[in-house]
Amino acid sequence: MSADADRADVEKVLAGDIAAFENIVRRWQGPLINLAYRFSRDRNRAEDMAQEAFLRAYRGLGGWRKDAAFSTWLFALATNLYRSEIRRIPPRTMSLDEIAEPPDSHARADGGTDESRDLAVRRAVLGLPEKYRETLTLFYFHEKDITQAARSLGVAEGTVKARLNRGREILRSKLPRLLDLHSKETR
Amino acid sequence: MKEDDLDRVLSGEIDIAPSPGFVRGVMAAVHRQTSASSPIPFPWMRALPGLAAGLFALAAMIVAVLKSAGRPESSPAQSWWMFALANAAEIAKKYGIDWIVLATLITAACLVVSMRLVNGRRALQ
């Protein structure tokens, strides 16, 4: 089981067996890179951010209190790093108004694919104010698990719920055309 | 748009796969970090006598100020605090405290600049 394997590998690393850290990296590389990608929307940058997260995890392994799952600790550490990294160098984004009114909206309606519309909606999340963007990103990354999202963000579950509602409201109000179109076509 | 549609778009994202050399890159960075020399710790044992002497000097100055403020011989209109401040300034002048303060500030500025330079270089690596 992953939790037991994590615990065993951490103990080995703390005892001086650096090679055991490779097991941790192999186990968590996918989730950490994907979380970074959702923050940055840039594959290369996501890998750089994930690498830095692993390095920090390695340096701070001794600080993991074993009362919480290793994954919870790792995601909280990575989330903190990604948030500050994105604050330092924000990803290239379009404003919500630009996304809401695409210059060639008829062409999109006739020829646009579901994929391109979905991509536009996901990019719109990056245009949200920071607290809503982070909450939506974490919530959907953790497969709509509010508790996990709250732990990663280090806030109360109620705060996550409130921010989710507000974030969705903003998206709905800014992207009515795009989302209506999607809604009609999927019916 | 229904709530479900937004949910479907945002939760239906396909995961990206890590590049093949990712694990190797991380482990190389970990080994680099482990083999790098650890930062020189602050020499507390050596600094302790200096810190103690500094604290002693500060305490002596405070006692001297309080003693002289305790016997106000100038105008009674002056408040106790004004008197204490004037005495502190006099003592500071006598012992050249202004130069000591200036030297301390320059040292602190040098320390801050060098620490920032080191941290900046670390972040770039």
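What you are looking at is a predicted structure, and each value in this text was computed from that prediction instead of being measured.

Quick notes on the overall build of chain B
Alright, step 1. On a plain count of helices and strands, chain B comes out with five helices and zero strands.
Alright, step 2. Shown N-terminal to C-terminal, the secondary structure of chain B runs as helices and strands in the order α-α-α-α-α.
Alright, step 3. Out of the 125 residues belonging to chain B, those deemed buried represent 7%.

Considerations on the overall build of chain A
Alright, step 1. The secondary structure content of chain A amounts to eleven helices and zero strands.
Alright, step 2. Along chain A, helices and strands appear, N-terminal first, in the series α-α-α-α-α-α-α-α-α-α-α.
Alright, step 3. When contacts within chain A are restricted to residue pairs at least 6 apart in sequence, long-range pairs at least 24 apart make up 62% of them.

Notes on the interface of chain A and chain B
Accessible area lost on assembly of the parts is the figure often given for the size of an interface.
Alright, step 1. Across the boundary between the two partners, chain A contributes 32 residues, which contact 22 residues of chain B.
Alright, step 2. Of all elements in the fold, only α2 (20-40), α3 (43-60), α7 (114-126), α8 (130-141), α10 (157-174) and α11 (176-186) of chain A reach the threshold of two or more residues within the side of chain A that touches chain B.
Alright, step 3. Tallying contributions element by element places α2(A) first for the side of chain A that touches chain B, with nine residues.
Alright, step 4. Per-class residue counts for the side of chain A that touches chain B are 14 nonpolar, seven polar and eleven charged.

Things to note about unusual backbone geometry
Residue and element names in this part refer to chain A.
Alright, step 1. Here the phi dihedral of Arg-41 falls at roughly 55 degrees; this positive angle occurs in a residue that is not glycine.
Alright, step 2. Structurally, the position occupied by Arg-41 is in the loop between α2 and α3.
Alright, step 3. Positive phi, normally seen in glycine, also occurs at Lys-144, with a value near 65 degrees.
Alright, step 4. If you trace the backbone, Lys-144 turns up in the loop between α8 and α9 (146-153).
Alright, step 5. For Lys-144, a count of 13 C-beta atoms within 10 Å corresponds to the partly exposed category.

Considerations on the nonpolar core
Residues and elements named next belong to chain A.
Alright, step 1. By size, the foremost hydrophobic cluster in this structure holds 50 residues, and its most contacted members are Leu-32, Ala-36, Ala-50, Ala-53, Ala-78 and Tyr-82.
Alright, step 2. With ten residues, α2 is the single largest residue contributor to this core.
Alright, step 3. Every residue in contact with Ala-50, bar those within four places of it in the chain, is listed here: Gln-29, Leu-32, Ile-33 and Ala-36.

Observations regarding the packing of α3(A) against helix α2 (residues 22-35) of chain B
Alright, step 1. As a packed pair, α3(A) and α2(B) sit with axes 10 Å apart at the nearest point and diverge in direction by 40 degrees. The orientation of α3(A) relative to α2(B) falls into the category oblique. Between α3(A) and α2(B) lies a crossing of right-handed hand. On the side of α3(A), the interface is formed by Glu47(A), Gln51(A), Phe54(A), Leu55(A) and Tyr58(A), while α2(B) contributes Phe22(B), Gly25(B), Val26(B), Ala29(B), Val30(B) and Gln33(B).
Alright, step 2. Per-class residue counts for the contact of α3(A) with α2(B) are seven nonpolar, three polar and one charged.

Focus: the confidence of the model for chain B
For any part of a model where pLDDT is low, the fine detail of the predicted coordinates should not be relied upon.
Residues and elements named next belong to chain B.
Alright, step 1. Across chain B, pLDDT averages 79, with 81% of residues at or above 70.
Alright, step 2. Model confidence for chain B, summarised as mean pLDDT per element, is weakest for helix α4 (residues 80-95) at 78 and strongest for α2 at 93.
Alright, step 3. Scored as a complex, the prediction yields pTM 0.65 and ipTM 0.77.

With respect to the packing of helix α4 (residues 70-88) of chain A against α9(A)
Residues and elements named next belong to chain A.
Alright, step 1. Running from N to C, α4 and α9 cross one another at 55 degrees; their axes reach a closest spacing of 7 Å. Comparing the axis directions of α4 and α9 gives the class oblique. The handedness of the crossing between α4 and α9 is right-handed. From α4, Thr-72, Phe-75, Ala-76 and Thr-79 reach across to α9, where they touch Arg-151, Ser-152 and Leu-153.

Cut-off values and rules
- Residues numbered from 1 in each chain as written.
- Chains lettered and ligands numbered in written order.
- Predicted model: local features only at pLDDT ≥ 70, side-chain atom pairs only at ≥ 80, totals over all residues.
- Helix = DSSP H or I, 4+ residues; strand = E, 2+ residues; numbered from the N terminus.
- Buried ≥ 20, exposed ≤ 12 C-beta atoms within 10 Å, placed from the backbone.
- Contact = placed C-beta atoms within 7 Å.
- Nonpolar A, V, L, I, M, F, W, Y, C, P; charged D, E, K, R; others polar.
- Core = buried A, V, L, I, M, F, W, Y, C linked by C-beta atoms within 7 Å.
- Axes fitted to C-alpha atoms, helices over the stretch in contact; angles between N-to-C directions.
- Parallel < 35°, antiparallel > 145°, perpendicular 65-115°, else oblique.
- Left-handed = near helix turned anticlockwise from the far one by under 90°.
- pLDDT = per-residue confidence, 0-100.

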